[in-house]
Structure formats: C-alpha cells, structure tokens
There are 2 protein chains.
Amino acid sequence: MNKKGLLVVLSGPSGCGKGTVLKELLTKKEGLFLSVSATTRRPRPGEIDGQSYYFLSRDRFLELVDNGGMLEYACYCDNYYGTPKDSVEAKRAQGIDVILEIEVQGAMQIKQKCPDAVMVFVMPPSMAELARRLVDRNTEDEETVSRRMAKAVEEMRHAKEYDYIVVNDTVENAVENLWGIVLAEKLTVRQLGGFVDEVLAQV
Amino acid sequence: MNKKGLLVVLSGPSGCGKGTVLKELLTKKEGLFLSVSATTRRPRPGEIDGQSYYFLSRDRFLELVDNGGMLEYACYCDNYYGTPKDSVEAKRAQGIDVILEIEVQGAMQIKQKCPDAVMVFVMPPSMAELARRLVDRNTEDEETVSRRMAKAVEEMRHAKEYDYIVVNDTVENAVENLWGIVLAEKLTVRQLGGFVDEVLAQV
C-alpha cells in the first residue's frame, strides 16, 4: 500500500517546552523526519547545507516564494527563513512522516497550503508554570520575561485553530501523547482506506 | 476542566482478533470503561447483573427502545441485546472513556445516535491470514469457515464508514495503535478547547 506520509506541524509559546518534547520524540521513536528549513543567512561554523538549513541566496529564496515553493516564510533581522515545499513533499511521497516546529504565523500559512497537515499546539499546564519556566531561563531580566509572557499569551490565543492540544505537564506525557497523535493520524480512513480496498481485492 | 469521556466503538470481522486486542488493551491501560450490554436472555450461572449484562425483562427492554434509551439493539435467537444509553452517558458525563465491541450494524446505529463516537474497525492483515485464523478455530468444519469468510467480507465492506482502521498484524501493534487513537482523541480541540480557555483566563 502506498500511503502519503503525514505532515505534522508543532507550535507552542516560548517556554512551553516544545523543543524538548520534539527532541525526545525524535530520539525515542523512529520514522519521523524533521523538516529542514531554508534561510538566506550565512552558515555558522559547523553548520551543514541540507542538514542544519538549506542555505540559499536571497534571489533564489524569493524566486521560490514567487513560484509557490515555500510552504511558509518569514523575515527576521533582515534574513529570510522558510519551509521548502519540495523537500517536504518528496519525503511525504515516499511515505515518510515529516514533522516541523514553527511559530503560529508560519503554521497558519502551512495549514492554508496543506489542508491535510496535522496541526499540534503545545500548551503549558498553567500560566503560573509558564511564568516559572520563563523566569528560570532569564533570572536577570524582568522586562524580557514579561515581553515573552505577553507574546506567549498572544500565541496561545491561536491554539484552538490547531487540530490537537498537547499539554506539556511532563515531557514523558507530552511525548506519549504526541506519538499517540502520529499513530492515530496514520490510521485514519484517509490513510488506510486503500489498504481496506487491497484486502477486499484479495477475495 | 470538565471534559466528556470518549465513546470508542470497536468492530471487525470474526477472526480479526478484536476481542483479544480489546482484552489486552483493558489489561495494559487504565481509565477505559468497558460498556455493559443489556439483554433479555436469562442469566447463566455465575453471571452478575450490571457486570456481565444488565438483565432486563422483554417489556422493560422494548420500553427502553421505544423511549430512545438504547444506543443500538438487535435480536438474536429470540433474545434482545442492546447498549443502554444511560449507563454509557453517565460514565461519559463523569469524564470516563467508554469502549464497546459491537458488530457493524449496531455500530452504524451508534454512529447515527452519537456523532461524536470514535469509530474503529479492526482489519486482518490479509484475506489469507483471516482464512488461516478462521480455519485454526474450526479445523473440522469447512462450511462454517466459508460462511464466516463470506460474513467477514460483508463486514469489511463497511470498514471505510469508520474513522480509523487498526490492522491486527500483531496484538502488540494493534494495542499500541488503538491506545494511540484513544490518546489522540482526548487531545482534540473539541476535548481540550476548554482547557485553553481556562489557561488564558489565568492571565
């Protein structure tokens, strides 16, 4: 049976721990491919083209944007960052499940371009816990913390535009739940209807 | 947060091994309540009312049917069997996830009455494997086997009317996948949207 791989999009506010959850998921479970972003910024020492990022010229990047070759993109500090459609779709066409971590605005661009994307939002268990995690990171700078809290709230206001909510109370629970979502999405009739037809064709 | 429990409906042809998968799931994982059916047949020695079945008189059973109190029902060998709505809904209202195993026709009745039911169809990995499993059970009786095969095919023709397909290649995989479906369905925005609101209200 020739199934298309999933596209799993992971978002969540700074401090929710989504990076740790994703890293742990990729370590513990096999078969997920972490999407590689494209950027126009220069490679840093040790970064490898096609692994760390796809390093593109500004012209090439904008050409891809114009031709619909980016699932999403944004500009930070004069550099462009984006998700190249071709590399994601090539993996999916091979039946490989692709996952990517991205902030809310990029995620919403992807949702529009890939209606079959599996949208997952990672939530902190409470505002108090989010505040604690942000403070732990930045003990010295109250202004940064309150700016991050405000941004986190703004991002969480979009949580219900996603398909699933994963509460990161413990990394272990969050990983189990995120993996449950991946398993379940691979079992939908959209994914396995073809398998049913194949078995019935054996009669 | 006050979430309604899931209603998970499990079907699959005779020989697909759904009973073993369900038993293993209930042994390994906590928090799922196996729905108790109602019947008009007499209790057998050792059967306990409210555990094995709810034992009802014919009049009481049909009264419940008339009042919409059965999520599904059917008649076999002059006895009625059905799923009492109240006992399922009472558990769900407490936030407890309810699971039940039922043949296709009953499942379709439930789907109609509970559009939020999570419908799971267990498939054998192939027709050859299904045949092998049915033969293993009934080495002596070819007619029974071919009648069961025909019935299995008829049931599998409804598989795509379910939400999820679980392929029972090994019991271990099937249990992991079925549990993944339960986890994922507990994380949908329908289930956890209220939690997002609660966290945002803490701001």
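Just so it is clear, the model here is predicted, and its values are computed rather than measured.

1. Topic: the overall build of chain A
For step 1, the next point in the chain: The helix and strand inventory of chain A stands at eight helices and nine strands.
For step 2, the next point in the chain: Computed over C-alpha atoms, the radius of gyration of chain A comes to 18 Å, within 12% of the 17 Å expected from 2.2 N^0.38 for 203 residues, which places it in the range of a compact globule.
For step 3, the next point in the chain: Counting only C-alpha atoms, chain A reaches 70 × 45 × 30 Å along its principal axes.
For step 4, the next point in the chain: Within the span of chain A, comprising 203 residues, buried residues form 36% of the whole.
For step 5, the next point in the chain: Pairs at least 24 apart in sequence give 70% of the contacts found in chain A among residues at least 6 apart.

2. Topic: the interface of chain B and chain A
For step 1, the next point in the chain: Contacts between the two partners involve 32 residues from chain B and, on the opposite side, 32 residues from chain A.
For step 2, the next point in the chain: For the side of chain B that touches chain A, the elements supplying multiple residues, two or more each, are helix H6 (142-156), strand E9 (164-167), helix H7 (171-185) and helix H8 (189-201) of chain B.

3. Comments concerning the pairing of strand E1 (residues 7-11) of chain A
Residues and elements named next belong to chain A.
For step 1, the next point in the chain: Taking burial as the measure, the five residues of E1 include five buried ones, the bulk of the element.
For step 2, the next point in the chain: Two strands pair when backbone bridges link them, and E1 and strand E7 (residues 97-101) are joined in this way by four bridges, in the parallel orientation. In the strand pairing of E7, Val8 is matched with Ile99.
For step 3, the next point in the chain: Where E1 lies against strand E8 (residues 118-123), four bridges are found, and the strand directions are parallel. Along E8, the bridge assignment pairs Val8 with Val118.

4. Some thoughts on the relation of the copies chain B and chain A
For step 1, the next point in the chain: At an RMSD of 0.0 Å, chain B and chain A line up after a rotation of 180° and a shift of 0.0 Å along the axis. Considering both components of the superposition, the chain copies are consistent with a two-fold axis. For chain B, the residue whose C-alpha comes nearest the rotation axis is Gly180(B), separated from it by 1.9 Å.
For step 2, the next point in the chain: The overlap is high: 100% of the interface residues of chain B also sit at the interface in chain A, so the same surface is used on both sides.

5. A closer look at the nonpolar core
For step 1, the next point in the chain: Ranked by size, the top nonpolar core spans 104 residues in total, and within it Val9(A), Val120(A), Ile165(A), Val9(B), Val120(B) and Ile165(B) carry the most contacts.
For step 2, the next point in the chain: The residues contacting Val120(B), other than those within four sequence positions of it, are Val8(B), Val9(B), Leu10(B), Tyr162(B), Asp163(B), Tyr164(B), Val166(B), Leu178(B) and Ile181(B).

6. Details of the environment of Tyr164(B)
For step 1, the next point in the chain: The topology assignment puts Tyr164(B) in strand E9.
For step 2, the next point in the chain: Judged by local crowding, Tyr164(B) falls into the buried class, with 27 C-beta atoms found within 10 Å.
For step 3, the next point in the chain: Beyond its immediate stretch of four places on either side in the chain, Tyr164(B) contacts Ala184(A), Leu187(A), Thr188(A), Val120(B) and Ile181(B).

7. Structural notes on the sheet that holds strand E3 (residues 38-39) of chain B
All names here are of chain B.
For step 1, the next point in the chain: Strand order in the open sheet formed by four strands is E4-E3-E6-E5, with mixed pairing between adjacent strands. Where the open sheet ends on each side, the last strands, each with one partner, are strand E4 (54-55) and strand E5 (70-76).
For step 2, the next point in the chain: Where E3 lies against strand E6 (residues 79-84), two bridges are found, and the strand directions are antiparallel. Bridged to Thr39 within E6 is Tyr81.
For step 3, the next point in the chain: Across the face of the sheet, helix H3 (residues 85-93) comes into contact with E5 and E6 while running at roughly 20° to E6.
For step 4, the next point in the chain: Together, E5 and E6 form the strand contacts of helix H4 (residues 104-113), whose direction differs from that of E5 by roughly 160°.

8. A word on the environment of Leu22(B)
Residue and element names in this part refer to chain B.
For step 1, the next point in the chain: Mapping Leu22 onto the fold places it in helix H1 (residues 18-28).
For step 2, the next point in the chain: Along the sequence, Leu22 and Lys151 sit 129 residues apart, while their C-alpha atoms lie 21 Å from each other.
For step 3, the next point in the chain: Filtering out sequence-adjacent residues up to four positions away, Leu22 remains in contact with Leu10 and Glu101.

9. Points about the pairing of strand E6 (residues 79-84) of chain A
Residue and element names in this part refer to chain A.
For step 1, the next point in the chain: Taken together, the six bridges between strand E5 (residues 70-76) and E6 define a ladder with antiparallel strand orientation. Residue Cys75 lies in a different strand from E6, and its bridge partner there is Tyr80.
For step 2, the next point in the chain: Hairpin remark: E5 followed by E6, antiparallel, with two residues in the connecting loop; positive phi at Cys77, about 50°.

10. Thoughts on the sheet that holds strand E8 (residues 118-123) of chain B
All names here are of chain B.
For step 1, the next point in the chain: Strand order across the open sheet formed by five strands is E2-E7-E1-E8-E9, with parallel pairing between neighbours. The sheet is open, and its two borders are formed by strand E2 (32-34) and E9, each paired with just one other strand. Direction aside, neighbouring strands of the sheet carry axes that sit 30° apart on average.
For step 2, the next point in the chain: Set on the sheet, H3 makes contact with strand E1 (7-11), E2 and strand E7 (97-101); between it and E7 the angle comes to about 145°.

11. A look at helix H1 (residues 18-28) of chain A
Residue and element names in this part refer to chain A.
For step 1, the next point in the chain: For H1, the set of buried residues is Lys18, Val21, Leu22 and Leu25. Viewed end-on, H1 has its buried residues packed into an arc of 95°, placing them on one side of the element. Turned more than 90 degrees away from the buried face of H1, the exposed residues are Thr27 and Lys28.
For step 2, the next point in the chain: Those residues of H1 that are buried lie in contact with E1, strand E2 (32-34), E7, E8 and helix H7 (171-185).

12. Observations regarding unusual backbone geometry
Leaving glycine aside, a negative phi is the common case for residues, and trans is the common case for peptide bonds.
For step 1, the next point in the chain: At Cys77(A), a residue that is not glycine, the phi angle is positive and equals roughly 50°.
For step 2, the next point in the chain: Looking at the element boundaries, Cys77(A) is found in the loop between E5 and E6.

13. Quick word on the packing of H7(A) against H7(B)
For step 1, the next point in the chain: Relative orientation of the contacting elements H7(A) and H7(B) amounts to 110°, with a least axis distance of 7 Å. What the angle tells us is that H7(A) and H7(B) run roughly perpendicular. Along the contact surface, H7(A) presents Glu176(A), Asn177(A), Trp179(A), Gly180(A), Ile181(A), Leu183(A) and Ala184(A), while H7(B) presents Glu176(B), Asn177(B), Trp179(B), Gly180(B), Ile181(B), Leu183(B) and Ala184(B).
For step 2, the next point in the chain: Its residues assigned to classes, the contact of H7(A) with H7(B) shows eight nonpolar, four polar and two charged.

Criteria and thresholds
- Residues numbered from 1 in each chain as written.
- Chains lettered and ligands numbered in written order.
- Predicted model: local features only at pLDDT ≥ 70, side-chain atom pairs only at ≥ 80, totals over all residues.
- Helix = DSSP H or I, 4+ residues; strand = E, 2+ residues; numbered from the N terminus.
- Rg over C-alpha atoms; globule rule 2.2 N^0.38 Å.
- Buried ≥ 20, exposed ≤ 12 C-beta atoms within 10 Å, placed from the backbone.
- Contact = placed C-beta atoms within 7 Å.
- Pairing = 2+ DSSP bridges.
- Least-squares fit on C-alpha atoms with pLDDT ≥ 70 in both.
- Core = buried A, V, L, I, M, F, W, Y, C linked by C-beta atoms within 7 Å.
- Axes fitted to C-alpha atoms, helices over the stretch in contact; angles between N-to-C directions.
- Arc of directions from axis to C-beta.
- Parallel < 35°, antiparallel > 145°, perpendicular 65-115°, else oblique.
- Nonpolar A, V, L, I, M, F, W, Y, C, P; charged D, E, K, R; others polar.

Note that all results are geometric; they support no functional claim without further evidence.
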